[in-house]
Amino acid sequence: SAMTMDQVIQMTHAGLGEQVIANQIRTQGVLAPLSTSDLVALKQNGVSDTVISAWQQTPPVRHAPPTLVPARPVIVREHWVSPGYDPHGYWHDPWCHGPYHGSRAGIHFRF
């Protein structure tokens, strides 16, 4: 990942040499060019001109655009069930209580 100002400041405070930090900047790249306030902040935190110059000479890392993954199709199944249907083969008479099995007067469906 690209170097941040905080990482450069942390490396400077840890006592790493300016060439080591500059090489890390060139290897990792930078997120964005330095603004005037960034330059002042780096200098106030003891970052050397060599390190700042390495940052300025390194082009910002460009992130690849996100890869679009095609969406999986959505399959919708519509089921219509009569009011008295029971998946176990029982006919529930909507006007009476309790399941009935087998032959009865009327219509009986078995799926």
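In what follows, the structure referred to is the one given above.
Along every chain, residues carry numbers that run from 1 in the direction the sequence is written. Local features in this predicted model are restricted to residues of pLDDT 70 or higher, and side-chain atom pairs are both shown and tallied only at a pLDDT of 80 or more, whereas totals for entire chains, interfaces and linings draw on every residue. For the side-chain quantities, the full set of heavy atoms in the structure was used; hydrogens and water were omitted.

S.K.: Quick one: what's the story with the overall build of the chain, residue by residue and with numbers?
M.R.: If you tally the helices and strands in the chain, you get four helices and two strands. The buried share among the 111 residues of the chain stands at 23%. Any two residues whose heavy atoms approach within 4.5 Å are treated as being in contact. Here the analysis covers contacts within the chain between residues at least 6 apart in sequence; of these, 57% occur between residues at least 24 apart. On the chain, roughly 8,900 Å² of surface is accessible, and the fraction owed to carbon and sulfur atoms is 57%. Secondary structure counts use DSSP, requiring at least four H or I residues in a row for a helix and at least two E residues in a row for a strand, with both numbered from the N terminus. Exposure categories follow from relative accessible area, calculated using a 1.4 Å probe and restricted to protein chains: below 20% of the type maximum is buried, above 50% is exposed, and the middle band is partly exposed. Here the Shrake-Rupley method, with its probe set to 1.4 Å, supplies the accessible areas, and only the displayed protein chains count as covering residues.

S.K.: Help me get a handle on the environment of serine 48, residues and values and all.
M.R.: Counting through the fold element by element, serine 48 comes out in the loop between helix 3 (36–44) and helix 4 (49–57). Along the backbone, serine 48 and glycine 17 are 31 residues apart, and their C-alpha atoms lie at a distance of 9.6 Å. Once residues lying within four places of it in the same chain are set aside, the contact partners of serine 48 are Glu18 and Lys43.

S.K.: Explain the environment of threonine 27 to me, and be specific about the residues and the numbers.
M.R.: Positionally, threonine 27 belongs in helix 2 (residues 18–28). Judged by its relative accessible area of 61%, threonine 27 is exposed. Along the backbone, threonine 27 and serine 1 are 26 residues apart, and their C-alpha atoms lie at a distance of 9.8 Å. N or O atoms within 3.5 Å of each other form a polar contact, as long as, within protein, one can give a hydrogen and the other can take it, and as long as residues adjacent in sequence are counted only when both atoms are side-chain atoms. For threonine 27, the side chain forms a polar contact with the main-chain oxygen of asparagine 23, separated by 2.8 Å.

S.K.: Break down the packing of helix 3 against helix 4 for me, citing the residues and quoting the values.
M.R.: The description of two packed helices rests on the angle between their axes and on the distance between the axes. Axes here mean lines fitted to C-alpha atoms, for a helix over just the part in contact, with angles spanning 0 to 180 degrees between N-to-C directions. The geometry of helix 3 relative to helix 4 is characterised by a closest axis approach of 10 Å and an angle of 150° between their N-to-C directions. On the basis of the axis angle, helix 3 is roughly antiparallel to helix 4. Between helix 3 and helix 4 the crossing geometry is right-handed. Residue-level inspection shows Leu39, Leu42 and Lys43 of helix 3 in contact with helix 4, the latter providing Asp49, Ile52 and Gln56. Polar here means any residue outside two lists: the nonpolar Ala, Val, Leu, Ile, Met, Phe, Trp, Tyr, Cys and Pro, and the charged Asp, Glu, Lys and Arg; Gly therefore counts as polar. Class assignment of the residues belonging to the contact of helix 3 with helix 4 gives a composition of three nonpolar, one polar and two charged. Roughly parallel means an angle under 35 degrees; roughly antiparallel, over 145; roughly perpendicular, 65 to 115; everything else is oblique. Handedness of each helix crossing follows the sense of rotation of the near helix against the far helix: counterclockwise by less than a right angle gives left-handed, clockwise gives right-handed.

S.K.: Break down helix 4 for me, citing the residues and quoting the values.
M.R.: Val51, Ile52, Ala54 and Trp55 are the residues of helix 4 that are buried. Projection of helix 4 onto a plane perpendicular to its axis shows the buried side chains occupying an angular sector of 155°, all on one side. Of the exposed residues in helix 4, those oriented more than 90 degrees away from the buried face are Asp49, Gln56 and Gln57. Residues of helix 4 that are buried in the fold lie against helix 1 (5–13), helix 2 and helix 3. Our arc is simply the arc of the directions from the helix axis toward the C-beta atoms.

S.K.: Outline helix 2, supporting the account with residue identities and numerical values.
M.R.: When we look at burial in helix 2, the residues that qualify are Ile21, Ala22 and Ile25. In an axial view of helix 2, the angular spread of the buried residues amounts to 100°, which keeps them on one side of the axis. If you follow the buried residues of helix 2, they end up packed against helix 1 and helix 4. Directly beyond the C-terminal end of helix 2, a positive phi value near 85° is found at glycine 29.

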